[in-house]
Amino acid sequence: MDGDMTTSANVQPRGLLAVFAHPDDESYGAGGVMALAAAAGNPVWVLCATNGDQGGRPGEVDVDHSLDPEIRRHELTCACAAIGAAEPIFLGYRDSGMEGWGAPEGAFSLAPHEEAVERVAAVIRRLRPAVIVTFDPGGVYGHPDHTTCSSVATDAYRRTAAEPGGPVALYHQAMPQSAIKAMQAGMEEERRKSGDSTPPTEDDIRQQEAFVKLARPDADITTVIDIRPVLERKFAALACHESQMQGRQWDDAETREQMERMFSRETFVRVDPAPKAGLHEDRFVALQWDRK
Ligand SMILES: [Zn+2]
């Protein structure tokens, strides 16, 4: 085994590893940059911490949210194919469910931190990616698995970056305050137009409040990626996650237009290499962007 270690330490790190908590997180947050990276010839991988088995229809506390984990594993495999990523890798933790649902035994948010960090680090040592992307510390809306994912993946990055052949860049996917405001205005308009008068559920309200609270000031965002060249791939990846769509249809012109507005850019904070004040970049560092 020593021989293997020496060989892999000599390998130049290459490609992009996305570490997220549930099937569908990858497509919403970084599906576009992954598709762009894959199209430019970089290897791309998705590491998913849970099976997403508590991803049932959001509703009230005390409702059964459990799903057959195979459904969501299958949906992620479909999304990875749409993005141009390799087959997904799962850590197999159970989904913690939303705050207030009560995390089941084996849930990711209950896993010992060191154990989870070492499991992610082992995947990094095996694949040798150059760049890691994960959630920012607030996990976009504070889902316990998202915040756990951010701290676990960030620590796994720091540990392996210090080793020979380790990754060289870390990005956090983050939503700027301006995007949250635009998204909520769009959703409100959609509700009004559709004449939907059902009041939002407690979970919906909590999630909306968390989005606002955890959004980053626009000035924190270092990296804004125009993903319009691969928008169809991102939409195809999102469509793979059928169990999470709540019957939403995106095929009418108006919804499409709104989706294009909402999803044509992906936003990140570069964590490492530490950015100089005022850095604005439109690509991840350390990847190949011109197809050879
Ligand atoms: Zn999630």
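In case you missed it, the structure is sitting above this.
Criteria and cut-off values
In this convention, every chain numbers its residues from 1, walking through the sequence in written order. Thresholds applied to this predicted model are a pLDDT of at least 70 for local features of residues and 80 or more for the giving and counting of side-chain atom pairs; totals over whole chains, interfaces and linings are not thresholded and use all residues. Any two strands between which DSSP finds at least two bridges are classified as paired. Going along the chain from the N terminus, every DSSP run of H or I of four or more residues is numbered as a helix, and every run of E of two or more is numbered as a strand. Axes, fitted as lines to C-alpha atoms, cover a helix only where it is in contact. Angles between the N-to-C directions of the axes lie from 0 to 180 degrees. The contact rule is simple: place each C-beta atom from the backbone, and if two of them lie within 7 Å, those residues are in contact. Here roughly perpendicular refers to angles of 65 to 115 degrees, roughly parallel to angles under 35, roughly antiparallel to angles over 145, and oblique to all remaining angles. Three classes are used: nonpolar for Ala, Val, Leu, Ile, Met, Phe, Trp, Tyr, Cys and Pro, charged for Asp, Glu, Lys and Arg, and polar for all others, with Gly counted as polar. The exposure label follows from counting other C-beta atoms within 10 Å of a residue's C-beta, where the C-beta atoms are placed from the backbone and the thresholds are 20 or more for buried and 12 or fewer for exposed, leaving partly exposed in between.

Peer 1: Mind showing me how you'd approach the sheet that holds strand β1 (residues 16-20) here?
Peer 2: Whether parallel or antiparallel, the strands of a sheet pair through hydrogen bonds between backbone atoms. Strand order in the open sheet formed by seven strands is β3-β2-β1-β4-β5-β7-β6, with mixed pairing between adjacent strands. The sheet is open, and its two edges are formed by β3 (89-93) and β6 (223-226), each paired on a single side. Between one strand axis and the next, the sheet turns through 25° on average, direction left out of account. Sheet topology note: the β1/strand β2 (residues 44-50) ladder contains five bridges and is parallel. Along β2, the bridge assignment pairs Leu17 with Trp45. Strands in contact with helix α2 (residues 25-39) are β1, β2, β4 (131-135), β5 (169-173), β6 and β7 (265-272); relative to β1, the strand with the most contacts, it is inclined by about 175°.

Peer 1: What should I look at first to understand the packing of helix α3 (residues 69-83) against helix α9 (residues 231-240) in this one?
Peer 2: Each packed pair of helices is defined by two parameters, the angle between the axes and the distance between the axes. Orientation of α3 relative to α9, taken along the N-to-C sense of each, is 170°, at an axis distance of 8 Å. Classified by the interaxial angle, the pair formed by α3 and α9 is roughly antiparallel. Between α3 and α9, the contacting residues are Glu75, Cys78, Ala79, Ala82 and Ile83 on the first element and Arg233, Ala236, Ala237 and Cys240 on the second. For the contact of α3 with α9, the per-class residue count stands at seven nonpolar, no polar and two charged.

Peer 1: Help me out: how do you make sense of the pairing of β5 in this one?
Peer 2: Counting buried residues in β5 gives five out of five residues, a clear majority hidden from the surface. Neither face of β5 is open: one carries Ala169, Tyr171 and Gln173, the other Leu170 and His172, and all of them are buried. As paired strands, β5 and β7 are joined by four bridges and run antiparallel to one another. The residue bridging Leu170 from the neighbouring strand is Asp272, located in β7.

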